[in-house]
Amino acid sequence: MRTVHAIDYSEAKRAVDLVVERALQTQKAVVVAVADSHGELVSFARMDGAPVSSIRVAMNKAWTAARERKSTKEIGEKVKHPEKGHDIAYYGDPQYVGWGGGIPVWKNGEVIGAVAVSGLSSTEDIALAELGVELIGSRIQLGPTA
């Protein structure tokens, strides 16, 4: 028998609430998505004033990070330089994105989901998503080494 770890709703909601609270402190509006290991939504929030386009982008960032077990920034860097990686079209699904802000959540050596933020600069999206990731689990200590 295999035990499969997962992000439960209470963890996902706490991560969303933390990101929203931090964005409010800076008087900025974002969209936050927390997905399970398959990339499917567990919790989601669109703050008042956040760009409508960021709804789908945040969901796609979470989906991509969970399925690929990599940050969307890392994927984006590889597709910007095909000699180091490959074109995003090779992923075979238009849901894959390469903008920073989607980060997988690692627990006990496996990806249990992802946290994604959209609506600000890539750097700001990443910083906010990292808050949610840190709340749920540790991607640095238990993730694979590159």
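Everything here concerns the structure above.
Now for a quick tour of the structure. In this text the structure is predicted, and so the values were computed from the model without any measurement. Each chain has its residues counted from 1, following the order in which its sequence is written. Per-residue local features of the predicted model are confined to residues with pLDDT of at least 70, and side-chain atom pairs are confined, for both listing and counting, to 80 or more; whole-chain, interface and lining totals are unaffected and use all residues. Side-chain calculation: all heavy atoms of the structure are included, whereas hydrogens and water are not.

### Some remarks on the sheet that holds strand 3 (residues 102-107)
Line of reasoning, step 1. DSSP calls a pair of strands paired once it identifies at least 2 bridges connecting them. Here a helix means four or more residues in a row that DSSP labels H or I, a strand means two or more in a row labelled E, and each is numbered from the N terminus. Here four strands make up an open sheet; going across it, the order is 2-1-4-3 and the pairing antiparallel. Of all strands in the sheet, those with a lone pairing partner are strand 2 (41-46) and strand 3, marking the two edges. Recorded for the sheet is a direction-independent mean angle of 15° between the axes of neighbouring strands.
Line of reasoning, step 2. Two elements, strand 1 (residues 31-36) and strand 2, share five bridges in a ladder whose sense is antiparallel. When the sheet's bridge partners are listed, Val32 is paired in strand 2 with Ala45.
Line of reasoning, step 3. Contacts are assigned to residue pairs that have any heavy atoms within 4.5 Å of one another. Axis angles are defined between N-to-C directions and span 0 to 180 degrees, where every axis is a line fitted to C-alpha atoms and, for a helix, only to the segment in contact. This element, helix 4 (residues 122-136), spans strand 1, strand 3 and strand 4 (110-118) of the sheet and lies at about 145° to strand 4.

### Topic: the side chain of Glu11
Line of reasoning, step 1. Relative to the helices and strands, Glu11 is located in helix 1 (residues 9-25).
Line of reasoning, step 2. A relative accessible area of 13% means that Glu11 is categorised as buried.
Line of reasoning, step 3. Among all residues touching Glu11, those that are not within four sequence positions of it are Ala6, Lys107 and Ile136. Burial classification: accessible surface area is computed with a 1.4 Å probe over protein chains only, and a residue below 20% of its type maximum counts as buried, one above 50% as exposed, and the rest as partly exposed.

### Remarks on the side chain of Asn60
Line of reasoning, step 1. Mapping Asn60 onto the fold places it in helix 2 (residues 53-68).
Line of reasoning, step 2. On the basis of relative accessibility, which here comes to 9%, the residue Asn60 falls in the buried class.
Line of reasoning, step 3. Discounting chain neighbours no more than four positions away, the residues touching Asn60 are Gln95 and Val97.

### Some details on unusual backbone geometry
Line of reasoning, step 1. The residue Arg69 is not glycine, and still its phi comes out positive at about 60°.
Line of reasoning, step 2. Here Arg69 shows up in the loop between helix 2 and helix 3 (72-80).
Line of reasoning, step 3. A positive phi angle is found at Asn108, which is not glycine, with a value near 55°.
Line of reasoning, step 4. For Asn108, the location among the structural elements is in the loop between strand 3 and strand 4.
Line of reasoning, step 5. Note on Asn108: relative accessible area 52%, which makes it exposed.

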